[in-house]
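Okay, here's what each chain looks like letter by letter:
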Amino acid sequence: MGIVQARMGSTRLPGKVLRDLGGRSVLSWVVSAVRESAALDDLVVATTTESADDAVVAECLRLGVPWHRGPVDDVLTRFMRVLDERPGDAVMRFTADCPLLDPAVIREAALVYRAVPGLDYLSTSLARTLPRGLDVEIASLPALRRADREATGYHRTHVTSYVYSEPGDGRLLGLAYQPAAPDLRVTLDTEDDWRLISRLVAEFGDATVPTRVLIDWLRARPEVRGLNAHVEQKALQEA
């Protein structure tokens, strides 16, 4: 199953998940990419009990996607409660600030996970080759249950960070893509990220963009990729 974590609160760009991007919300772009992949049998948006996130629930109703409301910072608890309500053997985790997800990458990750028995975690970012904002990760239910028992602090905010940073005897698998483009950034965390993503949507319209096409387009336009080249991703401990 897939779970999208989404909330209106953001230290650098409040309300980003419901910003209008090309005529629909950023959250709608994420949900549409997951649905287009046809890789998952269930999808839930995990938001918070904060009153500001009533707007996220309203958007879920409009999109026809189930939702769950839980703690603000303990996102791992949100995920585990979703799994209590809608059992599954693994979770593909998404964040609602990545509107340019490639359905093909989502589908490939799901296919590889199913093809390799006994995996605890699969990700495109164990050794990053994709632009930030296109990554996909899958964690097994046993791995998440162990994290829920043992993880504290920022690991509970990031859901999967305990799984891959303290794997024990768990089995992890990384997916790599060529051409490598880990320096590119198409996630939405600042106004400069918004400027770059808006340029991409203005160019390609209301449609998913294949990863290779997106990378080639940005490589050919240094003035666009430079819009957010200075933005630093917050460290795990800071978010």
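Everything quoted here is computed from the prediction, not taken from an experiment.

(A) How the structure looks around the sheet that holds strand 8 (residues 137-140). Strands sit in the order 5-4-1-6-8-7-9 across an open sheet of seven strands; the sheet is mixed. The open sheet has two free edges, formed respectively by strand 5 (67-70) and strand 9 (172-174), since each of these has just one partner strand. Taken pair by pair, the neighbouring strands of this sheet meet at an average axis angle of 20 degrees, ignoring direction. Summarising the sheet, strand 6 (residues 90-95) and strand 8 pair through four bridges and their orientation is antiparallel. Opposite methionine 92, over in strand 8, you have isoleucine 138 as the bridge partner. Together, strand 6 and strand 8 form the strand contacts of helix 5 (residues 141-150), whose direction differs from that of strand 8 by roughly 80 degrees.

(B) Molecular detail of the packing of aromatic side chains. According to the stated counting rule, one finds two aromatic pairs in the structure shown. Considering the side-chain rings of tyrosine 121 and tyrosine 164, the 5.5 Å spacing of their centres and the 40 degrees angle between planes classify their relative orientation as tilted. Here tyrosine 121, found in strand 7 (residues 121-123), pairs with tyrosine 164, found in helix 7 (residues 161-165); they are 43 residues apart in sequence, far enough to count as distant. Take tyrosine 121: its relative accessible area is 1%, and that puts it in the buried class. Its relative accessible area of 30% is what places tyrosine 164 among the partly exposed residues.

(C) Layout of the pairing of strand 5. Burial along strand 5 is one-sided: His68 and Gly70 are buried, and none of Trp67 and Arg69, which face the opposite way, are. Bridge analysis of strand 4 (residues 43-48) against strand 5 gives four bridges, and the strand direction is parallel. Across the sheet, the residue bridging to threonine 47 is arginine 69, located in strand 5. Tracing the backbone out of strand 4, into helix 2 (residues 54-63) and back to the parallel element strand 5 gives a crossover that is right-handed.

Rules used in this analysis
- Residues numbered from 1 in each chain as written.
- Predicted model: local features only at pLDDT ≥ 70, side-chain atom pairs only at ≥ 80, totals over all residues.
- Heavy atoms only, no water.
- Pairing = 2+ DSSP bridges.
- Helix = DSSP H or I, 4+ residues; strand = E, 2+ residues; numbered from the N terminus.
- Axes fitted to C-alpha atoms, helices over the stretch in contact; angles between N-to-C directions.
- Contact = heavy atoms within 4.5 Å.
- Phe/Tyr/Trp six-rings, centres within 6.5 Å; stacked < 30°, edge-to-face > 60°.
- Buried < 20%, exposed > 50% of the residue type's maximum accessible area, 1.4 Å probe, protein only.
- Right-handed = clockwise from strand over helix to strand, strands pointing away.

By themselves these figures say nothing about function.
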